[in-house]
Amino acid sequence: MATQPLLKGSVAQSFAYSIARNMMKILIWIVATICSCKCFLAFPNHNAYNPRSLKKRNHGAYESCASIQQLEVFQAQFYDSVDKNQDGKATFEEVKRYLAKYNPVIKDSEVERFIARRDVNGNGVIDFVPDYVAEVLSPTYSLNKAKEWFQLEDSNRDGLVSRDELLTIAMNIGMTPKQAAETVDLFYMTGDINGDGKLNWKEYSSVVM
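Predicted, not measured: the structure shown is a model, and the values here were computed from it.

In this structure's numbering, the residues bearing the UniProt feature "domain: EF-hand" (unreviewed entry) are residues 69-105, 141-176 and 179-209. Split by type, residues 69-105 is 57% helix and 5% strand. Its first and last C-alpha atoms lie 36 Å apart. As a span, residues 179-209 carries 52% helix and 6% strand, and end to end its C-alpha atoms are 22 Å apart.

Attention shifts here to the environment of Ala181. Examined against the element boundaries, Ala181 turns out to sit in helix α9 (residues 177-186). By relative accessible area, which is 22% here, Ala181 ends up partly exposed. C-alpha of Ala181 to C-alpha of Leu167: the two residues are 14 residues apart in sequence and 6.4 Å apart in space. Dropping the residues within four chain positions of it, Ala181 is found in contact with Arg163, Leu167 and Leu186.

Turning our attention to the side chain of Asp154. Looking at the element boundaries, Asp154 is found in the loop between α7 (143-153) and β3 (161-162). Although Asp154 lies buried, it forms no salt bridge, and the closest oppositely charged side chain, Arg157, sits 6.1 Å away as judged by the N-O distance. When neighbours within four sequence positions are excluded, Asp154 is seen to be in contact with Asn103, Gly159, Leu160, Val161 and Glu165.

Model confidence for the chain is summarised by a mean pLDDT of 76, while 67% of its residues fall at 70 or above. Counting contacts from residues 1-8, a segment whose pLDDT is below 50, to residues more than four positions away or on other chains yields 0 contacts. Confidence drops under a pLDDT of 50 for residues 28-64, and excluding neighbours within four residues, the segment shows 33 contacts in the predicted structure.

Reading the values: the criteria
- Residues numbered from 1 in each chain as written.
- Predicted model: local features only at pLDDT ≥ 70, side-chain atom pairs only at ≥ 80, totals over all residues.
- Heavy atoms only, no water.
- UniProt positions renumbered as here; feature names shortened; annotations may be inferred.
- Helix = DSSP H or I, 4+ residues; strand = E, 2+ residues; numbered from the N terminus.
- Buried < 20%, exposed > 50% of the residue type's maximum accessible area, 1.4 Å probe, protein only.
- Contact = heavy atoms within 4.5 Å.
- Lys, Arg positive; Asp, Glu negative; His and termini not counted.
- Salt bridge = Lys/Arg side-chain N within 4 Å of Asp/Glu carboxyl O.
- pLDDT = per-residue confidence, 0-100.

Okay, structure coming up:
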């Protein structure tokens, strides 16, 4: 008899997760439909569409296009990285665990600011829709976003992001040592102008922005 309430609670929790997943599928369909409409309005002459000839004012609309398949990939990434219980939202604790892979001494105030910068509807969490989707579809890094990641990746707080710090982060988020080395050396460290194995803010921003 003592296990009966636990069983009921478990069933209720599973039912709640099932509802949340179904709601996410509906949201993905809605977002994909809206994106398709925006793309259609941005590029009415689809037969003549040529990405290389896009005018600057239409570039943002092109970058915001997303299919259902792309959104499902984004959803899987969201679940794998932060939303571990797959309820469609990343809470403070989930975000903090994720950011600790980048900086093991991350402060609560930094986590709060990280969430606040992405929290479109002001509910205190990072929702898959619209917060995370808006983040991954953003075509460029803003200055504030680049500075945010520079500070996060500077785990020893010395004002520099080193190759070793970047390698540790890459492996923390699931890369093999080989993948980590290739990613760090072929992307980030191309900005290491003086060859000291570290990136100051100017070098870092020249790569990511």
